[in-house]
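Okay, here's what each chain looks like letter by letter:
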Amino acid sequence: MAYSDKVIDHYNNPRNVGSLDKEDAHVGTGVVGAPECGDVMKLQIRVNDDGVIEEAKFKTFGCGSAIASSSLATEWVKGKTVDEALSIKNTDIVEELSLPPVKIHCSVLAEDAIRAALDDYRSKSGKDAATEKAEA
Amino acid sequence: MSKLIYLDNNATTPLDPRVLEAMMPYLTHEYGNAASRSHQFGWAAEEAVAQAREHVAALIGASSKEIIFTSGATESDNIAIKGAVEMLAHKGRHVITVKTEHKAILDTCKYLETKGLADVTYLDVAPNGLITVDQVRDAIRDDTIIISVMHANNEIGVLQPIKEIGALAREKNIWFHTDATQSIGKIPFDVDDLNVDIASLSGHKLYGPKGVGVLYARRRKPRIRLAPVLHGGGHERGMRSGTLNVPGIVGIGEACRLAKLDLAKDMAHAKELRDAFEKRMVEALDHVEINGSAEHRLPNTTNLSFSCVEGESLIMGIPDIAVSSGSACTSASLEPSYVLRALGVGDEHAHSSIRFSFGRFTTKEETERAAEQLISTVTRLREMSPLYEMVKEGIDLSTINWTAH
């Protein structure tokens, strides 16, 4: 299979590999996929007090396209607000990385990972806000 | 020195220069048809084919009259199974084979089933990839006509107990076929010693050319007659019509002659490289597993699972090394290997498996270079693997409720 130059670049020089503390209230964690399907993505975001994603990290088990999709996703969510990040679509990833049809599921998984991380952050911060209110 | 390292000798082998040399006259000025009985061109071709037949026969302990030239092992497998089912239709319709056979056997059997021509039993293998003689014995019915069990498996290299299965088949008066494509030329193979009635082999797996293979069919005790798949001029004792591929046949003949000559040397060479490679992998990396029996297998093959690393990404990281992925993700199907599945290897491990097959022309330097490149790529990919992180944290991956997609 021929990979696009961008996929190869992300595979060789993945951006933002690593992990954030998943217990941190400012951190949202999304883990999607399954080992038996051949891909698992973990995507994490740290949101600052202004609601802007200031840090994003990923770890991915999967093919080169899956690694590239998640690497690209971390680049794209950084600097965006939570709402802006929700607007990232898998088709944008397909286009940017020139993914072939058999690899479209990698981009879907990356979009799912972004949403899962955002959902996790929201449910955490929602709970935190409620707690703060109760304490006040 | 080429930058590329070829560790995919079970897929195909390079043509031995000595084989090419033997073939050259028949690709150029000796262009006769071996069936032309009326002139020198035909006689020369016929003589070359006769000599090739002797070389093939000598390698496998057969008589030259028992050698039928085909286009390759796939065709040989087709003739063996379809030919036996048709020829013995009056006697029965039951076929016994194994789930890890090559597709040339499995798809032929499925075809016969869908056409209503045969009932097929597909034996399960143990986690080490092997079947037992007792499994075969238990599967035999009154109407069993042929048992087909491969000698060496192409993906994991394990060796089935064909000598014992052959003895059982003989005792029960059932024909025994073995697809010996991966074993002939790599380890000793003698049709009498192994109780084989019908065997398939291929030229390009033993440093011969592609497009030529052999079907061995025993002439006495039992006398094997197979209905042809190709009809025509009645070549090859009527079992395989079609003008003989003289250069290809000369090539496979010379390849067999060399295989017999170099067998001990080739075996020792492949085993030394394979064992050194395996040892280095297991020492340098944790969570590496050998798929299939480490004891009963070819000397040149190792199939390794690199836990928590996906096979396609691993292959992408070693662009200079030619290997084969245990998962078929590199093809269009995105399915993990059916062979590894039959062993009970979990899909996540099947996705992490790579086959390395060494050969006559693999060097020690290449083997060492490949090992180091592989170690650094596995290490790098594990650093970005969420699964490896979990394993290191002591989480059992099988307890997680994954979102299958």
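Just so it is clear, the structure is predicted and the values come from calculations on it, not from any experiment.

Cut-off values and rules
- Residues numbered from 1 in each chain as written.
- Chains lettered and ligands numbered in written order.
- Predicted model: local features only at pLDDT ≥ 70, side-chain atom pairs only at ≥ 80, totals over all residues.
- Heavy atoms only, no water.
- Helix = DSSP H or I, 4+ residues; strand = E, 2+ residues; numbered from the N terminus.
- Rg over C-alpha atoms; globule rule 2.2 N^0.38 Å.
- Buried < 20%, exposed > 50% of the residue type's maximum accessible area, 1.4 Å probe, protein only.
- Contact = heavy atoms within 4.5 Å.
- Areas by Shrake-Rupley, 256 points an atom, 1.4 Å probe, with all protein chains shown as cover.
- Lys, Arg positive; Asp, Glu negative; His and termini not counted.
- Charge placed at Lys NZ, Arg CZ, Asp CG, Glu CD.
- Arc of directions from axis to C-beta.
- Pairing = 2+ DSSP bridges.
- pLDDT = per-residue confidence, 0-100.
- Core = buried A, V, L, I, M, F, W, Y, C linked by side-chain atoms within 4.5 Å.

The next thing to look at is the overall build of chain B. Within chain B, the regular secondary structure consists of twelve helices and 13 strands. The C-alpha radius of gyration of chain B comes to 22 Å, within 12% of the 22 Å expected for a compact globule of 405 residues. Counting only C-alpha atoms and orienting by the principal axes, one finds that chain B spans roughly 75 × 55 × 35 Å. Counting only residues that meet the buried cut, chain B has 58% of its 405 residues in that class. Of all intrachain contacts in chain B linking residues separated by at least 6 positions in sequence, the fraction that spans at least 24 positions is 73%. Roughly 16,500 Å² of accessible area belongs to chain B as shown, and the carbon and sulfur atoms make up 54% of that amount. Of note, chain B has its 44 positive side-chain charges centred 6 Å away from the centre of its 53 negative side-chain charges.

Our next topic: helix H1 (residues 5-12) of chain A. It helps to recall that an α-helix has 3.6 residues per turn; residues three or four apart then point in one direction. Inspection of H1(A) places Val7(A), His10(A) and Tyr11(A) among the buried residues, and these make up the whole buried set. One side of H1(A) carries all its buried residues, which in axial view fall inside an arc of 100°. In this fold, the buried residues of H1(A) make contact with helix H2 (64-77) and helix H4 (90-97) of chain A together with helix H8 (311-316) and helix H11 (364-383) of chain B.

Below, the discussion takes up the pairing of strand E3 (residues 53-61) of chain A. The pairing of strand E2 (residues 39-47) of chain A with E3(A) spans eight bridges and is antiparallel. Pairing of Ile45(A) across the sheet is with Ala56(A), part of E3(A).

To continue, consider the confidence of the model for chain A. With 92% of its residues at a pLDDT of 70 or more, chain A shows a mean pLDDT of 91. Within the model, pLDDT remains below 50 along residues 129-136 of chain A, and this stretch shows zero contacts once partners closer than five positions in the same chain are excluded.

The next subject is the nonpolar core. Burial of nonpolar side chains together is a common tendency in soluble globular proteins. Ile60(B), Ile67(B), Phe69(B), Ile147(B), Phe189(B) and Val196(B) are the most contacted members of the largest nonpolar core, which totals 60 residues. The residues contacting Ile67(B), other than those within four sequence positions of it, are Arg53(B), Val56(B), Ala57(B), Ile60(B), Ala62(B), Val214(B), Leu215(B), Tyr216(B) and Glu236(B). By size, the runner-up hydrophobic cluster in this structure holds 58 residues, among which are Ile67(A), Leu118(A), Leu374(B) and Leu381(B).

What follows concerns the side chain of Asn90(A). All names here are of chain A. Relative to the helices and strands, Asn-90 is located in helix H4. Take Asn-90: its relative accessible area is 15%, and that puts it in the buried class. Setting aside residues up to four positions removed in sequence, Asn-90 forms contacts with Ile-104, Ser-107, Val-108 and Glu-111.

Next up on the list: unusual backbone geometry. Residue and element names in this part refer to chain B. Between Lys-221 and Pro-222 the backbone carries a cis peptide bond, its omega angle lying at -5°. As for its position among the elements, Pro-222 is in the loop between strand E8 (213-217) and helix H7 (246-284). With a phi angle near 75°, Cys-308 is a residue other than glycine that sits in the positive phi range. Along the chain, Cys-308 falls in the loop between strand E10 (301-306) and H8. Of the residues examined, Cys-308 reaches a relative accessible area of 4% and is grouped as buried.

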